[in-house]
Number of protein chains: 2
Amino acid sequence: MSKLKNKHVYTFGNKKAEGNASMKNLLGGKGANLAEMNLIGIPVPPGFTITTEVCTLYYQEGKDRVVELIKPEVEEAVRNIENIMGTKFNDNENPCLLSVRSGSRASMPGMMDTVLNLGLNDKTVESIAKKSGNERFAWDSYRRFVQMYGDVVLEMKPESKEDIDPFEEIIDMMKEEKGVELDTKLSTDDLKELVKRFKTAVKEKTGKDFPNDPWEQLWGSIMAVFGSWMNDRAIYYRKLNGIPDEWGTAINVQAMVFGNMGEDSGTGVAFTRDAATGEDIFNGEYLINAQGEDVVAGIRTPQQITKIGSERWAELAKVSEEERKEKFPSLEEVMPEVYKELDEIQQKLEDHYKDIQDLEFTIQNNKLWLLQTRNGKRTGAAMIKIAMDMLKEGMINKKTALMRVEPNRLDELLHPVFDQDALDSGNVVAKGLPASPGAATGQIVFHADEAEEWADKNKKVILVRIETSPEDLKGMNVAQGILTARGGMTSHAAVVARGMGKCCVSGAASIKIDYKQRTLTCDGNTLKEGDWLSLNGSTGEVFEGKIKTKEPKMGGDFGELMKLAEGITKMYVRANADTPYDAKVARDFGAKGIGLCRTEHMFFGEGKIQAMREMILAEDEEGRRKALDKLLPIQRADFEGIFEAMHDLPVTIRLLDPPLHEFVPHEEKEQQEMADLMGISLKEVKAKVEELSEVNPMLGHRGCRLGNTYPEISEMQSRAIIEAALNLKAKGINAIPEIMIPLTGTLSEMKMQEDIVRSTAEKVFKERGDRIDYLVGTMIEVPRAALTADEIAQSAEFFSFGTNDLTQMTFGYSRDDIGKFLPVYLDKKILNIDPFQVLDQTGVGQLVEMACKKGKKTRKNIKLGICGEHGGEPSSVEFCHRVGLDYVSCSPYRVPIARLAAAQAVIREKAEKKVKKQAKKQKKGKN
Amino acid sequence: MSKLKNKHVYTFGNKKAEGNASMKNLLGGKGANLAEMNLIGIPVPPGFTITTEVCTLYYQEGKDRVVELIKPEVEEAVRNIENIMGTKFNDNENPCLLSVRSGSRASMPGMMDTVLNLGLNDKTVESIAKKSGNERFAWDSYRRFVQMYGDVVLEMKPESKEDIDPFEEIIDMMKEEKGVELDTKLSTDDLKELVKRFKTAVKEKTGKDFPNDPWEQLWGSIMAVFGSWMNDRAIYYRKLNGIPDEWGTAINVQAMVFGNMGEDSGTGVAFTRDAATGEDIFNGEYLINAQGEDVVAGIRTPQQITKIGSERWAELAKVSEEERKEKFPSLEEVMPEVYKELDEIQQKLEDHYKDIQDLEFTIQNNKLWLLQTRNGKRTGAAMIKIAMDMLKEGMINKKTALMRVEPNRLDELLHPVFDQDALDSGNVVAKGLPASPGAATGQIVFHADEAEEWADKNKKVILVRIETSPEDLKGMNVAQGILTARGGMTSHAAVVARGMGKCCVSGAASIKIDYKQRTLTCDGNTLKEGDWLSLNGSTGEVFEGKIKTKEPKMGGDFGELMKLAEGITKMYVRANADTPYDAKVARDFGAKGIGLCRTEHMFFGEGKIQAMREMILAEDEEGRRKALDKLLPIQRADFEGIFEAMHDLPVTIRLLDPPLHEFVPHEEKEQQEMADLMGISLKEVKAKVEELSEVNPMLGHRGCRLGNTYPEISEMQSRAIIEAALNLKAKGINAIPEIMIPLTGTLSEMKMQEDIVRSTAEKVFKERGDRIDYLVGTMIEVPRAALTADEIAQSAEFFSFGTNDLTQMTFGYSRDDIGKFLPVYLDKKILNIDPFQVLDQTGVGQLVEMACKKGKKTRKNIKLGICGEHGGEPSSVEFCHRVGLDYVSCSPYRVPIARLAAAQAVIREKAEKKVKKQAKKQKKGKN
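Residues numbered from 1 in each chain as written. Chains lettered and ligands numbered in written order. Predicted model: local features only at pLDDT ≥ 70, side-chain atom pairs only at ≥ 80, totals over all residues. Heavy atoms only, no water.

Peer 1: Could you give an account of the overall build of chain A, naming the residues involved and the relevant values?
Peer 2: The helix and strand inventory of chain A stands at 37 helices and 32 strands. Dimensions along the principal axes, computed over C-alpha positions, put chain A at roughly 105 × 75 × 60 Å. Going through the 927 residues of chain A one by one, you find that 58% of them count as buried. Within chain A, contacts between residues at least 6 apart in sequence are counted, and of these 69% link residues at least 24 apart. Put simply, chain A shows about 39000 Å² of open surface, and 49% of that area lies on carbon and sulfur atoms. (Helix = DSSP H or I, 4+ residues; strand = E, 2+ residues; numbered from the N terminus. Buried < 20%, exposed > 50% of the residue type's maximum accessible area, 1.4 Å probe, protein only. Contact = heavy atoms within 4.5 Å. Areas by Shrake-Rupley, 256 points an atom, 1.4 Å probe, with all protein chains shown as cover.)

Peer 1: Tell me about the packing of aromatic side chains, and please be specific about residues and values.
Peer 2: Residue and element names in this part refer to chain A. Evaluated as defined, the whole model comprises 40 aromatic pairs over all chains. Judged by centre distance (4.9 Å) and plane angle (85°), the rings of Y58 and Y59 are edge-to-face. Relative accessible area serves as the criterion here: at 14%, Y58 is assigned to the buried category. A relative accessible area of 34% places Y59 in the partly exposed class. (Phe/Tyr/Trp six-rings, centres within 6.5 Å; stacked < 30°, edge-to-face > 60°.)

Peer 1: So what's going on with the interface of chain A and chain B? Which residues, and what values?
Peer 2: Chain A puts 53 residues into the contact, and the matching count from chain B is 53 residues. Contact with chain B buries area across many residues of chain A, yet L699, R784 and K820 of chain A alone supply 13% of it, more than any other trio. Scanning the region where chain A abuts chain B turns up 2 salt bridges. Salt-bridge contacts for R784 of chain A lead to D840 of chain B; the nearest nitrogen and oxygen are separated by 2.7 Å. (Buried area = accessible area lost by both parts, 1.4 Å probe. Salt bridge = Lys/Arg side-chain N within 4 Å of Asp/Glu carboxyl O.)

Peer 1: Explain the sheet that holds strand β25 (residues 572–576) of chain B residue by residue, including any values.
Peer 2: Residue and element names in this part refer to chain B. On the basis of which strands lie adjacent, the closed barrel formed by 8 strands has the order β25-β26-β27-β28-β29-β30-β31-β32 and parallel pairing. Here the strands of the sheet are splayed against their neighbours by 30° on average, with no regard to which way each runs. Pairing of strand β30 (residues 798–801) with strand β31 (residues 863–866) involves 4 bridges; the strand directions are parallel. In the sheet register, F799 faces β31, and the bridge partner there is L864. (Pairing = 2+ DSSP bridges. Axes fitted to C-alpha atoms, helices over the stretch in contact; angles between N-to-C directions.)

Peer 1: Would you mind going over the pattern of salt bridges in detail, with residue names and values included?
Peer 2: With the rule as written, the count across this model stands at 122 salt bridges over all chains. Among the ionic pairs, D140 of chain B bridges to R144 of chain B, the shortest N-O distance being 3.1 Å. Here D140 of chain B pairs with R144 of chain B, and both are found in helix α5 (residues 135–152), just 4 residues apart, close to one helical turn. By the burial criterion, D140 of chain B is buried, and R144 of chain B matches it. Members of the salt-bridge network, linked through shared partners, are E600, R654, D657, R702 and D805 of chain A.

Peer 1: Give a detailed account of a positive patch on the surface, specifying residues and quantitative values.
Peer 2: Residue and element names in this part refer to chain A. On the surface, K399, K570, K910, K913, K914 and K916 cluster together into a positively charged patch. In terms of residues, the positive patch owes the most to one element, helix α37 (residues 895–926), which gives 4 residues. Structurally, K914 can be placed in helix α37. Residue classification places K914 among the exposed residues on the basis of a relative accessible area of 55%. (Patch = residues over 30% accessible without salt bridge, like charges linked within 9 Å, V, L, I, M, F, W, Y side chains within 5 Å. Lys, Arg positive; Asp, Glu negative; His and termini not counted. Charge placed at Lys NZ, Arg CZ, Asp CG, Glu CD.)

Peer 1: Describe the packing of helix α6 (residues 166–178) of chain A against helix α7 (residues 188–206) of chain A, naming the residues involved and giving the relevant values.
Peer 2: All names here are of chain A. Close contact between α6 and α7 brings their axes to 10 Å; oriented N to C, the two are set at 145°. Crossing of α6 over α7 shows right-handed handedness. Residues F167, I170, I171, M173, M174, E177 and K178 of α6 lie in contact with α7, whose contacting residues are D190, E193, L194, R197, F198, A201 and V202. Partitioned by chemical class, the residues of the contact of α6 with α7 number 9 nonpolar, no polar and 5 charged. (Left-handed = near helix turned anticlockwise from the far one by under 90°. Nonpolar A, V, L, I, M, F, W, Y, C, P; charged D, E, K, R; others polar.)

Peer 1: Describe unusual backbone geometry, with residues and values.
Peer 2: The backbone of N117 of chain B shows a phi angle near 60°, a positive value even though the residue is not glycine. Counting through the fold element by element, N117 of chain B comes out in strand β5 (residues 114–118).

Peer 1: Would you mind going over the relation of the copies chain A and chain B in detail, with residue names and values included?
Peer 2: Applying a rotation about an axis and a shift along it to one chain copy brings it onto the other copy. Overlay of chain A on chain B (RMSD 0.3 Å): rotation 179°, translation along the axis 0.2 Å. Between the two chains, the operation in question is that of a two-fold axis. In terms of C-alpha distance to the rotation axis, chain A has N696 of chain A as its closest residue, with the C-alpha 2.0 Å off the axis. Residue by residue, 100% of the interface of chain A is reproduced at the interface of chain B, so both copies engage with the same surface. (Least-squares fit on C-alpha atoms with pLDDT ≥ 70 in both.)

Peer 1: Can you explain helix α36 (residues 874–882) of chain A? Please cite residues and give values.
Peer 2: Residue and element names in this part refer to chain A. Here α36 lies mainly inside the structure; 7 of its 9 residues are buried. Every buried residue of α36 is listed here: P874, S876, V877, E878, F879, C880 and H881. Just downstream of α36, G884 is the residue with a positive phi angle, here 90°.

Peer 1: Explain the side chain of T803 of chain B to me, using residue names and the numbers behind them.
Peer 2: Summarising the element assignment, T803 of chain B is placed in helix α33 (residues 803–811). Apart from the residues lying within four places of it in its own chain, the contact partners of T803 of chain B are L839, V848, I866, G868, E869 and H870 of chain B.

Peer 1: Could you give an account of the nonpolar core, naming the residues involved and the relevant values?
Peer 2: By size, the foremost hydrophobic cluster in this structure holds 280 residues, and its most contacted members are F643 of chain A together with F643 of chain B. Not counting residues up to four positions away in its chain, the partners in contact with F643 of chain A are V651, I653, I721, A724, A725, L728, A735 and P737 of chain A. (Core = buried A, V, L, I, M, F, W, Y, C linked by side-chain atoms within 4.5 Å.)

Peer 1: Mind laying out a negative patch on the surface, listing which residues take part and the relevant values?
Peer 2: Residue and element names in this part refer to chain A. Together, E619, D620, E622, E684 and E691 make up a negatively charged patch on the protein surface. Inspection of the secondary structure puts E619 in the loop between α24 (608–617) and α25 (621–645). Overall, E619 belongs to the exposed group, its relative accessible area being 70%.

Peer 1: Give a detailed account of the environment of I42 of chain A, specifying residues and quantitative values.
Peer 2: All names here are of chain A. Examined against the element boundaries, I42 turns out to sit in the loop between α1 (24–39) and β3 (47–50). Distance from I42 to K178, taken between C-alpha atoms, is 44 Å for residues 136 residues apart in sequence. For I42, the residues in contact, after removing those within four places along its chain, are M37, I345, K348, L349 and L370.

Peer 1: How would you sum up the state of the cysteines? Please name residues and give values.
Peer 2: All names here are of chain A. Across all of its chains, the model carries 0 disulfides over all chains by this definition. Summary of cysteine pairing: C880 is not part of a disulfide, and the nearest cysteine sulfur, belonging to C852, is at 8.4 Å. Here C880 falls in the buried class, since its relative accessible area comes to 2%. (Disulfide = S-S within 2.5 Å.)

Peer 1: Tell me what's going on with the sheet that holds strand β7 (residues 266–271) of chain A, and back it up with residues and numbers.
Peer 2: All names here are of chain A. Taken together, 5 strands build an open sheet; the order of strands is β9-β8-β7-β10-β11 and the sheet is antiparallel. Bordering the open sheet on either side are β9 (303–304) and β11 (367–375), each of which pairs with just one other strand. As defined by bridge partners, strand β10 (residues 357–364) adjoins β11 across 8 bridges and the pair is classed as antiparallel. By the bridge assignment for β11, T362 is matched with W369. With respect to the sheet, helix α14 (residues 336–353) is in contact with β10 and β11, its orientation differing from that of β11 by roughly 25°.

Peer 1: If you had to explain the environment of E341 of chain A to someone new, which residues and values would you point to?
Peer 2: All names here are of chain A. Along the chain, E341 turns up in helix α14. Between the alpha carbons of E341 and L368 there is a distance of 7.8 Å; along the sequence they are 27 residues apart. Look past the residues within four positions of E341 in its chain and what remains in contact with it is P43 and L368.

Shape is all these values report; function is a separate question.
Shown next as structure tokens:
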């Protein structure tokens, strides 16, 4: 803090300001915009901003030091308000009243404290009464101030929401005494009595008199607002939104303006465009004779600002034009002059900020004051529409339009969503991780095969499992959604669900599943098979019963945005897809190839799993080859389908990866089936299944370790790939296979697999008398592969970073088990974020970067990509761009997100370079 | 090969030589020593050496190119032999006979081919007969030559040992015809007939006549010996001994000398000292009228060379001096002149080579010829004694003495061993990994608790398990040895067994264990509980029945060697020890502290496991704290014991590391016990146990993830450590605790644990009114910890590399499951060595080095050590020295090995620096 700037207070008012919009870090968003509004001539109550640096100082050195440091500046700034308003703070004749509000860099609505009407005491209240000619207003303001100050500064607000606010208790008693129901029905004398009783309560509770000195009130409020930066709500909100504690909040002190001074006063909020749809239509709500909090409080129903808004409202309410004018009078009609000024101001603000604005205003005796403007929050759909509209209107350029859309928000457009009202009234029975977005409602089933049976009967089901495995794939595919009690954001259930674009809530740890009883229990509540359940995959909430859903709409703007992105990206986007259908979806979303085609999923179809099991259970190579001969035509046909769907685009096929134990039958019935099929005893089947079980299957006999111990498997798969490509070539379809070796850790592992692939390919070429081009490369997913990438690149023509496994091994986290400690780790901030969701650039990223450099050193033109889940996460995509990957690959439904993120990465990089260049220039200039 | 030297053939003979002892890489060990012997005046049959480079050329460009290249040189070299011997190759009057022998850089005894008596044909055989005056000798030599040439060069030797050599078949027929039993009883005419029949067999088999031309014989033999470098035996031997295929073999061609020319001829082998005990006594064996192969063949019993040897022999055989002279005549007595010369030569050779020599000699008509000298192979005990004796004799300096002992060979001195004869006659029923050296014989038991019961009845047991877990600890402790069907060299069984200094064979995959039937089956052979079994932990062999063992002896030389090492090492050695007993053993072996004290093993003792289980099964923090209160005094007492044993030396205590699932009861009986103890239902216990199970426990909820989710555990352990140290301080005993956080992956994980440790310590200090010094540091065992070591060092005062887990995660190998593919990987050379045995310097080592650099960058004086299994493996110890570790820590029984390896690392490094310096100087000189 020794580097603290000498200036701690920035004044604004009367179209002058010491700050401006670019100073958000120092002045907070609100403060910066208040200054900026003054600079562009918008009427704003004068005031000043205490910087965020002072907040940091508050937490480091305490209140006294803060007062000592900023006192002269604050006093000077208050004088500035007095001068502009022609009033005087702490003056009994013409008192100046102030508001004290928080305002941090990022918007944290309602999380911190506010004090209004500051400066009132037993004397100033009389002057205000006289000046406003409205005694009731003066005393109402006074009692509100005492309550607010008592709650916030004197900490009389109870911590728990269930306890009653002592002031509310007094009001309730008073209303009872007076036999009225609404506060507004209390008389001026009642309000005077309230103030008295409030002050007695304060004295009782704190042992001190309520402070009459406005300066004492002001310093108390400033410290309380700084203190509220660290209240539980604020901390929780920041954690949810990834806002660092270190930022601190600024404080805005302004002259009070009153919307509750009578029928020529009012207050409201407005958006310059429609934040839900993006439509370019000014809209908002207001209340006559009210203060800001009344709009939010919901006691009185606010009215529409525009006439057209009022008319739309009336249409929904099915009332006549007559009734409309009476019941839903618009500001446009009630105060046409004020409305005209407001409309001009909103246009001016949007033109100035070049983005949708969210305004707060107050009308005091027909005079319009703007209290706040900020960029409006909006839905994903609105985000796209506004960006593309503003681009067409010439307000912003292409780069800005692209940067205006948060890539992750595109997700909203790609999955069905719940109806918000239905959601609000739903009964949440559990909460898990928001594993795959979307909305799902269906009947509970506990087994994948039953999911299939029920689905065959046109029933909608939710598959509920402790965790899922590849065996559950078909059941997952027919379910509306998947709920698991175990597993994180990248558990099997989560990954597969996202790949399918299917709603999934994973790791709902409070749920107990009893497969035998076919029940799920949470908090004593027991649901059984067939009961209805709804999942919100975007929040992780689990609802009892049915919740209404609606289909999302995708407009032409979406396509135009993608085209914009296309024009700017260096990195291209592929998709992870295992079926022709997924491949088609991906291609439609603009994927430029398949980055990961998992061959193991192909073995779970009808008639395939038996041959696969036969291969695994075989006693020797001969037995395995016999079974593999059966699998060959099946695999070849699968590859043909995918190659055809992706004609002219590369398809990266990963050879068999998971431990064989995942394929064998675990139920005795199925084991007996296999025994009969193979003509061996049940005991032998059981013994083999037992033999295959591993303590840590993740680190066991899988990946290329399978292909190297059973070369005949890699041989069969290579043959299926090459034959499929040649078959298509004969039909005039161009297949571009890239054969990928999984879990490589050493050059010799890679080389041995490469040899098998190449020799098999040459054999097939010879048999067919024709050739095709193909690549052989590897996943980089074992830390050692990254560390020795220079060696491995001697054999691998491409690297594809499998950052799921790389994250598992670099952190030593099993994604199947991370649910045991991840919630605590996030809660205690040991981890800021789930590394399976967002690539850990510090640790895992170091390995990725190292492998890129080493790989290129050995093989200059090595193709580099990523096929882990991170390939569809925007910040990770940006990292991939920075380290120089050629492509990212993600699930089909995230392709648009990745495409946009890739474009933004380029824009951001250029901007950074520009800044650096300028900094260099400046430095040069100075020298 | 374009850089091939122009000289390919090096001649020697008559006390001159073109090569010398330093040219082993080019001339092979044998060739270099033959040259050297000439240079120091030892009588050696003249000859020449064809270089190893020619062997490489042979494999790259084939026979013809080799002949083309070296023909002139070979012809010139043969002329040199002729000149010295006064004979002529390919001459019917005075023919020169030659031997052709392999000789690679490293000794590969008996692995490659040899051709003797080369140059004989129907004409020269007559000259030899005439010249030697011994027709039978001539024809015997001839028939031996034809057989050897047929087998080796004409490839008539059958591939399988079970098939009969065609020449042996002919001999057997002949002996039958003649009614004799021994070859020696065949007459000269019989031998002539044999040659005839041999040649017929050759013609039949190869379709060509047996070559009469000596030059053709010579070239054929040279190519055959080169070819034998790649025979199966040789390849296998090289794999076993880590000899690269690229080295190739040299070939030595020498004039033949004959020990079978009559009673004034003979042959023998000798050692300059006793290779078994190291005693400085010349010893060896010889045979009169015999060729080299007869000594080895075992048809005639060789006699002792020295009189004292003969006398010792007689003593064992309990015969009188009279009988001794007749039955066991020594060379010293039979040929005193020759003996005297031999004795002088052996002394000369040892003085020259300054190491024990292994000699081969032949006496032809009373003339002594040395055929070979090389450093003698010896036992670990002999290795030490010889090194220390030679040091005392002033023959070698301290550094050389230290370098003479292979650190791993010390192991032989530290564990009981089998009697070799008993071993040779044992029946091997299975083979596993040599997990922990030593010899064990006992009765089979399959359960740890039964092992305890049987041991209580003074029975010796071998504990046989599919794999072991911490629950088996006590059972393992009372067993003679442990045999597991699963798990590698660093599986639980292996690590614990080595720690205990107990014999263990792990991963004997061919064994099937049936716990229910209490049987183990391998290759159809079924053994049951109570049957006797013997394990050789040094070879991995499993024997049926009992094998006699003997106790090893350790002399004062051992201590002196350790003292020597001490004087030179930079790195010091600590031990991994969990009990006061182990700590004492380690201290006795010279450990300078404990590098890893695993606290979890302490929880398995009497009465401890219940409290531990109570803690784990508790519903909430309060329940856990209640159970932890019971554990506190137990842990404190354990720590007091260890601190006392290690007074004045540092003890690194690792906080709780394994997943909690390892501690809970898995048998229903025990689960019921816990339920009763805790007053909850069996169902609840079962549910909790189930809840704790993980898919990949290795990557699950363990290490500091436990201490961070349940801080009260770390708190209790910290308190126990600090209180124990203070208790000892009160008694005047100095405890130096170093508290180690396991499985750290991020700075915040470390910081949170550090905070718990430090705040607990401060609390205890305050309570006791006294303080002690202690350190807080971390294991580096997660790749991410190594990658972000600069961050982690902000909190950690020391790093201890847990290279077991680091290897698991860097390779992605589960050491519990690696048995599934490791044998195949080693066999196919995908891995050259088990990375859990020998540190993978390329991959894992990169992380270790990186972490050292990054750690030191942040904290200059950070203490660095290793506590993985690699800390006791010599090549890994050398790596640790090179990257700058302060200490290595290993199991108590490996402390001496590590101490020696650490000293050798310093010597080797200095030697390398010297070489570099000289190279630099030379370069400077040239410029």
